[in-house]
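Here's the letter readout for the chains.
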Amino acid sequence: HIRPALPTDNDFILSLASRFSDFDLPEWRTASEVDSTNRRLLQKALEQPEPGSAVFVAEGGNGQLAGFIHLETEADFFGGIPHGYVSFVGVEKAFEGQGVGHILMNQAETWTRQQGYRLLTLYVFAGNLRAQRLYQKTGFRQELIKYAKEVK
């Protein structure tokens, strides 16, 4: 079951911030850096939502919170046309492999269509293979690849 997030869901959503560093990060990134930044951005998104954004939660059969997705509107870099953007999608570890991520991504597509957009984008760390498999299964394809190098 997918529904719009409620203020009572905020603690659950924030508790999943550490899921965004639960893979092999580049050597110049620390889990604490990624987690604190994501927690701060999520908290702001929950407390001061931007126009053109939405947060949805997935519930298991017994009403247990299983995951969430935060969606925003962005302008395409090349054409300037507004499109949907998945800023965060997180699934509770106990619900991994049960289709929750797939359902959340379907909600992202529904929301994007409802906004009248024809494009949905997201970013993913190169080391987050679990998320990349989900995105590929739901029809996403690579468009740009960002390279980074730590200069010492």
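Residues numbered from 1 in each chain as written. Predicted model: local features only at pLDDT ≥ 70, side-chain atom pairs only at ≥ 80, totals over all residues. Heavy atoms only, no water.

With that out of the way, let us pick up the environment of E74. Residue position: E74 is located in strand β3 (residues 65-75). When the C-alpha atoms of E74 and G84 are compared, they prove to be 6.3 Å apart, with ten residues separating the residues in sequence. Other than its neighbours up to four places away in sequence, E74 contacts I81, P82, H83 and Y85. (Helix = DSSP H or I, 4+ residues; strand = E, 2+ residues; numbered from the N terminus. Contact = heavy atoms within 4.5 Å.)

Applying the stated criterion to the full structure yields nine salt bridges. The partner of D9 in a salt bridge is R3, and the shortest N-O contact between them spans 2.7 Å. The exposure class assigned to D9 is buried, which follows from its relative accessible area of 3%. On the accessibility criterion, R3 (16% relative accessible area) is buried. For E109, the salt bridge identified is with R113, shortest N-O distance 3.9 Å. Of this pair, E109 and R113 both sit in helix α3 (residues 100-114), four residues apart, roughly one helical turn. On the basis of relative accessible area, R113 is assigned to the exposed category, the value being 55%. Through salt bridges with shared partners, one network takes in R19, D22, K93, E96 and R130. (Salt bridge = Lys/Arg side-chain N within 4 Å of Asp/Glu carboxyl O. Buried < 20%, exposed > 50% of the residue type's maximum accessible area, 1.4 Å probe, protein only.)

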